[in-house]
Amino acid sequence: MLTDQLDTTCDLALIRLRGHAFSHDRPLLDVARDVLVRRLRLDDNGNVSP
């Protein structure tokens, strides 16, 4: 989902996911689940949409 949202590679999407989890002091798995159920959307500029 992130590769499509961000129009990037899988490697860079994972880096973005890890960065978001780290900067918000959340487990990576929880952030990934939020993306999958569309509670969280990351955009190209580093912004987050609920």
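The present account deals with the structure reproduced in this document. (Residues numbered from 1 in each chain as written. Predicted model: local features only at pLDDT ≥ 70, side-chain atom pairs only at ≥ 80, totals over all residues. Heavy atoms only, no water.)

### Some thoughts on the overall build of the protein
Broken down by element type, the protein carries 3 helices and 2 strands. When the helices and strands of the protein are placed in sequence order, the string is α-α-α-β-β. Burial analysis of the protein (50 residues in total) assigns 24% to the buried set. Accessible surface, the protein: about 3,800 Å² in total, of which carbon and sulfur atoms supply 52%. (Helix = DSSP H or I, 4+ residues; strand = E, 2+ residues; numbered from the N terminus. Buried < 20%, exposed > 50% of the residue type's maximum accessible area, 1.4 Å probe, protein only. Areas by Shrake-Rupley, 256 points an atom, 1.4 Å probe, with all protein chains shown as cover.)

### Observations concerning the packing of helix α2 (residues 10-23) against helix α3 (residues 28-36)
Between two packed helices, both the angle of their axes relative to each other and the distance between the axes serve to describe the pair. Relative orientation of the contacting elements α2 and α3 amounts to 115°, with a least axis distance of 9 Å. Every pair of crossing elements has a handedness; the one defined by α2 and α3 is right-handed. In this structure, α2 uses Leu-17, Arg-18, His-20 and Ala-21 to contact α3, whose residues at the interface are Leu-28, Val-31, Ala-32 and Val-35. Grouping the constituent residues of the contact of α2 with α3 by class yields 6 nonpolar, 1 polar and 1 charged. (Axes fitted to C-alpha atoms, helices over the stretch in contact; angles between N-to-C directions. Left-handed = near helix turned anticlockwise from the far one by under 90°. Contact = heavy atoms within 4.5 Å. Nonpolar A, V, L, I, M, F, W, Y, C, P; charged D, E, K, R; others polar.)

### Looking at α3
By the burial criterion, the buried members of α3 are Val-31, Asp-34 and Val-35. The arc that holds every buried residue of α3, seen down its axis, measures 100°, which confines them to one face. Exposed residues pointing more than 90 degrees away from the buried face of α3 are listed as Leu-29 and Leu-36. Those residues of α3 that are buried are in contact with α1 (2-6) and α2. Once α3 finishes, Arg-38 follows within two positions and takes phi at roughly 65°, a positive value. (Arc of directions from axis to C-beta.)

### Things to note about the pattern of salt bridges
In total, this model carries 3 salt bridges according to the counting rule given. Between Arg-26 and Asp-34 there is a salt bridge, with the nearest N and O atoms lying 2.7 Å from each other. On the accessibility criterion, Arg-26 (30% relative accessible area) is partly exposed. A salt bridge links Arg-39 to Asp-34, with the shortest nitrogen-to-oxygen separation between them at 3.0 Å. For Arg-39, a relative accessible area of 53% puts it in the exposed group. On the basis of relative accessibility, which here comes to 12%, the residue Asp-34 falls in the buried class. Connected via shared salt-bridge partners are Arg-26, Asp-34 and Arg-39. (Salt bridge = Lys/Arg side-chain N within 4 Å of Asp/Glu carboxyl O.)

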